[in-house]
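Chain by chain, the residues:
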Amino acid sequence: MVDLCILSVTEVRNALRCPRVFALGRSTSRAVAFPVGSSCLGAAFHRIVDRFARTVDAPPSCLRELGEGAEEPKVRSALTQGLLGFLIDELDANPTYGTMPAEVDDLAEALRQLAAYLAGRVQPFGAQPADAVRRLLRSGEREVEARIDEAGVVLRGRIDALYGTEDDRLEVVEYKLTDEANASVDRAQVALYRELLRRSEGVDAQPVVLRFGPELTRCTLDTASTEALLREELVPLLGAMKGWLASPESVPATRRSDLCAACPVARECAEQYSGHLAARDDPPMAAGRPRPGADGAPTASSTLPLPRGAAERPLDQLDQEGEAEAQAIGKRILEELRRDGITAVLQETTVGATMHLLTVSRPRGAVRQLDTAATNVVHRLEATDGLKLTYRIDGGRRWF
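Residues numbered from 1 in each chain as written. Predicted model: local features only at pLDDT ≥ 70, side-chain atom pairs only at ≥ 80, totals over all residues. Heavy atoms only, no water.

Asks: Please give an account of the overall build of the protein that cites residues and values.
Replies: Of the regular secondary structure elements, the protein holds 13 helices and 12 strands. The 400 residues of the protein split such that 48% are buried. Considering only contacts in the protein between residues 6 or more positions apart, those separated by 24 or more positions represent 65%. Summing over all exposed atoms, the protein offers an accessible surface of approximately 18,900 Å²; the carbon and sulfur share of this is 51%. (Helix = DSSP H or I, 4+ residues; strand = E, 2+ residues; numbered from the N terminus. Buried < 20%, exposed > 50% of the residue type's maximum accessible area, 1.4 Å probe, protein only. Contact = heavy atoms within 4.5 Å. Areas by Shrake-Rupley, 256 points an atom, 1.4 Å probe, with all protein chains shown as cover.)

Asks: Break down helix α9 (residues 223-246) for me, citing the residues and quoting the values.
Replies: For α9, with 24 residues, the first-to-last C-alpha span of 33 Å sits near the 34 Å given by 1.5 Å per residue. When the local axis directions of α9 are compared, the greatest deviation, roughly 40 degrees, occurs at L230. Looking only at α9, the buried set comprises T226, A228, L229, L230, L234, V235, L237, L238, M241 and W244. One side-chain oxygen at the N-terminal end of α9 lies 3.3 Å from the backbone nitrogen of A224; it belongs to D222. (Expected span 1.5 Å × (residues − 1). Bend = angle between axes of the 7 residues up to and from the residue. Polar contact = N/O pair within 3.5 Å; in protein donor to acceptor, adjacent residues only side chain to side chain.)

Asks: Can you lay out the sheet that holds strand β7 (residues 205-211) for me, pointing to particular residues and giving the numbers?
Replies: Ordered in space as β2-β5-β6-β7-β8, the five strands form an open sheet in which the pairing is mixed. In this open sheet, the two edge strands, each paired with only one partner strand, are β2 (137-139) and β8 (217-220). Neighbour-to-neighbour, the strand axes of this sheet turn through a mean angle of 35 degrees, independent of strand direction. Alignment of β2 against strand β5 (residues 161-164), held across two bridges, turns out to be antiparallel. Counted as the bridge partner of S139 is L162 from β5. Strands β2 and β5 of the sheet are contacted by helix α7 (residues 129-136), whose axis makes an angle of about 40 degrees with β2. (Pairing = 2+ DSSP bridges. Axes fitted to C-alpha atoms, helices over the stretch in contact; angles between N-to-C directions.)

Asks: Describe the pairing of β5, and please don't skip the residues or the numbers.
Replies: Here β5 shows no split at all, with A161 and Y163 on one side and L162 and G164 on the other all buried. As paired elements, β5 and strand β6 (residues 170-176) share four bridges and run antiparallel to each other. Note on β6: the bridge partner recorded for G164 is L170. Hairpin connection between β5 and β6: a loop of five residues separates the two successive antiparallel strands, and D168 in this loop has a positive phi of roughly 65 degrees.

Asks: Pulling in residues and values, what's your account of the side chain of D160?
Replies: Mapping D160 onto the fold places it in the loop between β4 (153-159) and β5. Aside from chain neighbours lying at most four places away, what touches D160 is H46, G140, E141, V173, E174 and Y175.

Asks: Kindly report on the pairing of β8, identifying the contributing residues and their values.
Replies: Two elements, β7 and β8, share four bridges in a ladder whose sense is antiparallel. Considered in β8, the bridge of L210 is made with R218. Between the end of β7 and the start of β8, which pair antiparallel, lie five residues.

Next up, the structure:
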C-alpha cells in the first residue's frame, strides 16, 4: 500500500519559489501566503468574480435586456455594470477600503478589463448575451482533488473558473493580479489544476492564465507543454516535497535572491536553517530580526540590530552600511504608503547603533489620512519584511 501524503496547490506554489517556505509552513501549522508581487485586494477581486459567475442563471437585467446580435460595446457596458455593482457591495460592507483609494481604483480597472474580455468572448456564440455568458462561464470557484500516485501524494486545490467555448471545448482559468515575476509559477499552478480535473473528473480543459495589470493579458498552455511541465518538473517536485516533510533538515534554500526580503517566515527560517544565506542574512533583511544576547536569545530592545559582523568593521564603513539600510527601509515604507494612495517623501534618516529614525512627510493632503495609513504600513511590513517599526506624529510628520 502506497503511503500517501496530502498537499495543496498553494504549498506547491510556495515550494516552487522557496522549498523552505513550504516546509516551515507545515512545521508551524501555518497557511503561509507568499506576498511577492501580490495585490492586497486580490481576494476581493476573486470574491466579486466568483459571485458574478454564480449569478449567470439570473444575470443582471441590463444584460437580459440585450437581444441576440447586440454590439460588443453594449455587452461590455452591461457586464461592467454588473461587476462594478458587486464591487460597490464590497465597499459598502467594509469601510477599510476607504483607506486605500489607489488600490480600489486598480480593482475597478481589473473588473472593467474582465468585462471587456468576456464581451469579446461571447460574440462567437451567436446567442442572446445572457445565454452566451451562461455558456461561457461554466463554473466559478470549485474544489478539486486527485491522487498523484507517481509521487505518492494526494493533491488538493481550488480552481478560479471553468470556461466553455462556442465549440464546446473547456478552459480551466486562473485570475492573477500579480506581476509577471510570478508567471512561471502561475503556469505551473494552472497546469496542476488541469491535471486534477483530468484525473478526478475525466475533464480535459486547456490551462489559461488571465493576468490583470496595466492591460489584460492571456496566457494559454498547449497539451504538449503542459504534460512536459508535469512530467519533468511538477510530479518530481511533489515527490521531493513528500521527502522534505520526512526530513526537514534536507530542504534546500531558494534559488531566487529576490524573495527573502518579503518572506513571511524569514525569522523561522533563520532559526531552523542557520547556515549563512546572503539574501536572508545580509542587510537590509538582517534589520528585521532581533540581535541575539549573550545566551543566544533575542533581546527585546534590539528593534533594528547591527548587521552581521558589524562590530568588527571600521566605523565609517558601518555608518555607510547603516545609512544604506535605513534608506532601504524608508523606500519600503514609501512603497507601502503608495499602496494606500498616500504620496509621501523621506525627509531625513538618523542612523543609530540599534535603531534608525526616519522622518516621513506628506507634501499635500490631510495628516489624518497619513495617520491611518501608517498603522496599515506598520502591520504589513512586520508581516512581509519582518521589520519592527514604531511611529509617532510630530508637527504633521510621521516617524518610523
